[in-house]
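Descriptive structure summary
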Amino acid sequence: MRKIWQAYGEGRPLPGYLLAIGSYAALAGAVSVAGRLTGVRLPERFSLRDTALVGVATHKASRLLTKEAVTSPLRAPFTRYEAPAGHAELKESPRDDHPAQHAVGELLTCPFCAGVWIASGLTAGLVFAPRVTRLVATALTAVAASDALNLAYDKLKS
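Residues numbered from 1 in each chain as written. Predicted model: local features only at pLDDT ≥ 70, side-chain atom pairs only at ≥ 80, totals over all residues. Heavy atoms only, no water.

1. Some points on the side chain of threonine 66
The condition is simple: Helix and strand assignments come from DSSP, with helices taken as H or I runs of at least 4 residues and strands as E runs of at least 2, each series counted from the N terminus. A 1.4 Å probe rolled over the protein chains alone gives each residue an accessible area, and that area as a share of the maximum for its type sets the label: buried under 20%, exposed over 50%, partly exposed in between. The definition of a polar contact used here is a pair of N or O atoms within 3.5 Å, where within protein one atom must be able to donate a hydrogen and the other to accept one, and adjacent residues in sequence count solely through side-chain atom pairs.
Positionally, threonine 66 belongs in helix H3 (residues 48-66). We classify threonine 66 as buried; its relative accessible area is 1%. A polar contact is formed between the side chain of threonine 66 and the backbone oxygen of serine 62, at a distance of 2.6 Å.

Encoded structure:
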């Protein structure tokens, strides 16, 4: 493994990434086992409406988790503040103290990376607790729409 890591580039936190991949796989497996044990069945398909709702909610939740100032205390153990990055958002970089810390820092500063986890959670929520999940997803979607309207309003004012 050390040879592969050196050939790839020692500066990259490959062990941390492996931990993240393993954690995701373990979580997905635990959800599958929980479904089997509780008798929860997967739907044949998801509606276009639910897919769109989860898509917009995932976008908003990933921006909220990875960029917004209000959630910076959650990221602080894994990231370093760099600068403001626009409307209520921050630019941060992952800490390099430990490969796992760096990998989590990358996950918590990358809305694309966090989006996979968030979409998986919301999709599992549609299977296990659809009413609550739709409620949360609808609220996040409404906030995303409000953000877009606020940005458009600011642009029109200028």
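Let us keep going from here.
2. Quick word on the packing of helix H2 (residues 14-38) against helix H5 (residues 99-109)
The condition that has to hold: All axes are obtained by fitting lines to C-alpha atoms, using only the stretch in contact for helices, and the reported angles, taken between N-to-C directions, cover 0 to 180 degrees. When describing relative orientation, an angle under 35 degrees is termed roughly parallel and one over 145 degrees roughly antiparallel, while 65 to 115 degrees is termed roughly perpendicular and anything else oblique. Left-handed describes a crossing in which the near helix is turned anticlockwise from the far one by less than a right angle; the clockwise case is right-handed. It only takes one pair of heavy atoms within 4.5 Å for two residues to be counted as in contact. Residues were grouped as follows: Ala, Val, Leu, Ile, Met, Phe, Trp, Tyr, Cys and Pro as nonpolar; Asp, Glu, Lys and Arg as charged; and all remaining residues, including Gly, as polar.
For the pair H2 and H5, interaxial distance at closest approach is 7 Å and the crossing angle is 60°. Here H2 lies oblique to H5, going by the angle between them. Seen from above, H2 lies across H5 with right-handed handedness. Across from Pro15, Gly16, Tyr17 and Leu19 in H2, the residues of H5 making contact are Pro99, Ala100, Ala103 and Glu106. Classifying every residue of the contact of H2 with H5 gives six nonpolar, one polar and one charged.

3. Things to note about H3
Just so we agree on the cut-off: Expected helix span is computed as 1.5 Å times (number of residues minus one).
Compared with an ideal rise of 1.5 Å per residue, which puts 19 residues at 27 Å, H3 spans 27 Å between its outermost C-alpha atoms and is within 8% of the ideal. Among all positions in H3, only Asp50, Leu53, Val54, Ala57, Thr58, Lys60, Ala61, Ser62 and Thr66 are buried. Buried residues in H3 make contact with helix H4 (72-75), strand S2 (90-94), H5, helix H6 (111-128) and helix H7 (130-157).

4. Description of the layout of surface pockets
What counts is decided by this rule: Points on a 1 Å grid, built from protein atoms alone, make a cavity when a 1.4 Å probe fits but cannot get out and make a pocket when they are open with protein on both sides within 12 Å along at least 5 of 7 lines; residues with an atom within 4 Å of a point are the lining residues. Grid points are joined across faces, edges and corners, and a volume is the space filled by probe spheres set on the points.
Of the volumes computed, that of the largest pocket is approximately 470 Å³. Considering the residues around the largest pocket, the lining is formed by 19 residues, among which Ala28, Val31, Ser32, Leu42 and Phe128 are closest to the centre. Of all elements in the fold, only H2 and H6 reach the threshold of two or more residues within the lining of the largest pocket. Class assignment of the residues belonging to the lining of the largest pocket gives a composition of 11 nonpolar, six polar and two charged. Volume-wise, the second largest pocket comes out at about 300 Å³. If you go around the second largest pocket, you meet 13 residues; those closest to its centre are Lys60, His87, Glu89, Asp147 and Leu151.

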